[in-house]
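Topology and contacts: notes
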Amino acid sequence: MGLVELFLIAVGLSMDAFAVSVCKGLAMKKCTVSKACLVGVYFGGFQALMPLVGFILGVQFEDVITSIDHWIAFILLGLIGVNMVREALGPDDDCDETDDSLDVKTMLGLAVATSIDALAVGVTFAFLKVNIVPAVCFIGVITFTLSAAGVKIGNVFGTKYKSRAEIAGGVILILMGCKILLEHLGVIG
């Protein structure tokens, strides 16, 4: 997997965290750099941790599943992407439940909820034999950056672009799943 593909997957995965960060920023009376960075650390940290856990789990089953790994990657990325698009097009009540609290309990819950998809991507990385340490670091940094920016964007602009970001993230993951399948089947080089 090349740097461009990894970047696109990182951006796609980070869109849920970005959307929640926008909501966090919207709820804040005053957005400071330290608050934006704290949100970025929670989301970036969990977006890096979850693919690592998924990778470790995936490696355990690699010998059993090697012959169908491309189908698993296609299905997992496709389902994650479709779910993101569906949620973006559904009722917009996410920001109603978000307050400006950055306490550990609140942030851990949000970080886990926005990074579950990354666990499945980590399983996919195991099947694709991705070099996991640079991949999870890259995903974590991208998510940190987008989440911290999302807090500021939400504080300034509100939720105008939240659903578009989730749709874009979902479409990116669907396209990456299709690319992996088509490459394995020899349709594209």
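**Regarding the packing of helix α1 (residues 3–27) against helix α5 (residues 104–128)**
For the pair α1 and α5, interaxial distance at closest approach is 11 Å and the crossing angle is 165 degrees. Overall, the two elements α1 and α5 adopt an arrangement that is roughly antiparallel. Where α1 crosses over α5, the two elements pack in a sense that is right-handed. Two secondary-structure elements touch here, α1 through Leu6, Ile9, Leu13, Asp16, Ala17, Val20 and Lys24 and α5 through Thr106, Met107, Leu110, Thr114, Asp117, Ala118, Val121 and Phe125. In terms of residue class, the contact of α1 with α5 is made up of 10 nonpolar, 2 polar and 3 charged.

**Some remarks on the side chain of Gln47**
With respect to the element layout, Gln47 can be found in helix α2 (residues 33–60). Exposure remark for Gln47: the relative accessible area of 0% places this residue in the buried category. In this structure the side chain of Gln47 is engaged in a polar contact, spanning 3.2 Å, whose partner is the backbone oxygen of Thr114. Setting aside anything within four residues of it in sequence, one finds Gln47 in contact with Leu13, Ser14, Ala17, Thr114, Ser115, Ala118, Ile139 and Thr143.

**Remarks on unusual backbone geometry**
With a phi close to 55 degrees, Lys129 is a non-glycine residue in the positive phi region. Among the structural elements, Lys129 can be located in the loop between α5 and α6 (132–157). The exposure class assigned to Lys129 is exposed, which follows from its relative accessible area of 59%.

**Looking at a nonpolar patch on the surface**
A cluster of nonpolar side chains, Ile68, Trp71, Ile75, Leu79, Leu182, Leu185, Val187 and Ile188, forms an exposed patch at the surface whose accessible area comes to about 720 Å². Considering each element in turn, the nonpolar patch owes the most residues, 3 residues, to helix α4 (residues 69–89). You can see Trp71 is positioned in helix α4. On the accessibility criterion, Trp71 (39% relative accessible area) is partly exposed.

**Focus on the confidence of the model for the protein chain**
Looking at the protein chain as a whole, its pLDDT mean stands at 84, while 91% of the residues score no less than 70. Mean pLDDT per element in the protein chain: helix α3 (residues 62–65) is the minimum at 72, and α2 is the maximum at 94.

**Things to note about the environment of Ala165**
Relative to the helices and strands, Ala165 is located in helix α7 (residues 162–184). For Ala165, the residues in contact, after removing those within four places along its chain, are Met15 and Phe18.

**Regarding the environment of Ala17**
Considering the arrangement of structural elements, one finds Ala17 in helix α1. Residues Ala17 and Leu110 lie 93 residues apart in sequence; the distance between their C-alpha atoms is 8.2 Å. Setting aside residues up to four positions removed in sequence, Ala17 forms contacts with Phe43, Gln47, Thr114, Thr143 and Ser147.

The rules behind the values
Residues numbered from 1 in each chain as written. Predicted model: local features only at pLDDT ≥ 70, side-chain atom pairs only at ≥ 80, totals over all residues. Heavy atoms only, no water. Axes fitted to C-alpha atoms, helices over the stretch in contact; angles between N-to-C directions. Helix = DSSP H or I, 4+ residues; strand = E, 2+ residues; numbered from the N terminus. Parallel < 35°, antiparallel > 145°, perpendicular 65-115°, else oblique. Left-handed = near helix turned anticlockwise from the far one by under 90°. Contact = heavy atoms within 4.5 Å. Nonpolar A, V, L, I, M, F, W, Y, C, P; charged D, E, K, R; others polar. Buried < 20%, exposed > 50% of the residue type's maximum accessible area, 1.4 Å probe, protein only. Polar contact = N/O pair within 3.5 Å; in protein donor to acceptor, adjacent residues only side chain to side chain. Patch = residues over 30% accessible without salt bridge, like charges linked within 9 Å, V, L, I, M, F, W, Y side chains within 5 Å. Areas by Shrake-Rupley, 256 points an atom, 1.4 Å probe, with all protein chains shown as cover. Salt bridge = Lys/Arg side-chain N within 4 Å of Asp/Glu carboxyl O. pLDDT = per-residue confidence, 0-100.

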